[in-house]
Amino acid sequence: MTPFTKQVVAMIAAIPEGKVMTYGQIAALAGSPRAARQVVRILHSMSRKERLPWHRVVNAKGAISIPDEHSRMMQETELISEGVEFQLDGTIDLQRFGHDPGPDFLLEPPLDEE
């Protein structure tokens, strides 16, 4: 597992119940701000194996990005059961429900600090 992947997995695993993070936020905090799509791939390929709370990751607008209706409803149901509220436009207020683990969360220093 690459250092970036380890960071992403650890960050997703640490999102507390009732909070969400965005793909881009996770990528940036893991050291690669332009790797939101890589976070999607990691989440898709490792959620089950690593028992990640995949439902706590949303897009930059605070919306569910899953195109499959069944999976989208499953994610929405999981979030609502944790107390996350959806606005009338179907988005989540990231100011209220967003999680910021802070800079001290990093498992390893960014590459430019080594």
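Look a little higher up for the structure.
Residues numbered from 1 in each chain as written. Predicted model: local features only at pLDDT ≥ 70, side-chain atom pairs only at ≥ 80, totals over all residues. Heavy atoms only, no water.

Participant: Describe the overall build of the chain, listing the residues and the values that go with them.
Facilitator: Of regular secondary structure, the chain possesses five helices and two strands. Sequence-ordered secondary structure for the chain, helices as α and strands as β, is α-β-α-α-β-α-α. Buried residues in the chain amount to 38% of all 114 residues. Of the contacts made within the chain by residues no fewer than 6 positions apart, 62% connect residues no fewer than 24 positions apart. (Helix = DSSP H or I, 4+ residues; strand = E, 2+ residues; numbered from the N terminus. Buried < 20%, exposed > 50% of the residue type's maximum accessible area, 1.4 Å probe, protein only. Contact = heavy atoms within 4.5 Å.)

Participant: For the environment of alanine 36, give the residues involved together with the corresponding values.
Facilitator: Mapped onto the elements of the fold, alanine 36 is located in helix 3 (residues 36-50). A relative accessible area of 25% places alanine 36 in the partly exposed class. The sequence separation of alanine 36 and alanine 60 amounts to 24 residues, and the corresponding C-alpha distance is 9.7 Å. If sequence neighbours within four positions are ignored, alanine 36 has contacts with Tyr23, Gly24 and Ala27.

Participant: Account for the pattern of salt bridges, with residues named and values stated.
Facilitator: Under the counting rule described, the total for this entry stands at three salt bridges. Between glutamate 69 and arginine 72 there is a salt bridge; the shortest N-O distance is 2.7 Å. A residue pair is termed a helical-turn pair when its members lie 3 or 4 positions apart in one helix, as glutamate 69 and arginine 72 do in helix 4 (residues 69-81) at three residues. The exposure class assigned to glutamate 69 is partly exposed, which follows from its relative accessible area of 46%. Here arginine 96 makes a salt bridge to glutamate 85, at a shortest N to O gap of 2.9 Å. Of the two residues, arginine 96 is situated in helix 5 (residues 94-97) and glutamate 85 in the loop between helix 4 and helix 5; the sequence distance between them amounts to eleven residues. The class of glutamate 85 is partly exposed, set by a relative accessible area of 41%. (Salt bridge = Lys/Arg side-chain N within 4 Å of Asp/Glu carboxyl O.)

Participant: Tell me about the environment of glutamine 95, residues and numbers included.
Facilitator: Position of glutamine 95 relative to the elements: it lies in helix 5. With relative accessibility at 77%, the residue glutamine 95 sits in the exposed group.

Participant: Can you lay out helix 1 (residues 3-13) for me, pointing to particular residues and giving the numbers?
Facilitator: In terms of residue burial, helix 1 counts as a mostly covered element, since eight of its eleven residues are buried. Along helix 1, the positions that sit buried rather than exposed are Phe4, Thr5, Gln7, Val8, Val9, Ala10, Met11 and Ile12. Taken together, the buried residues of helix 1 touch strand 1 (21-22), helix 2 (23-29), helix 3 and strand 2 (57-58).

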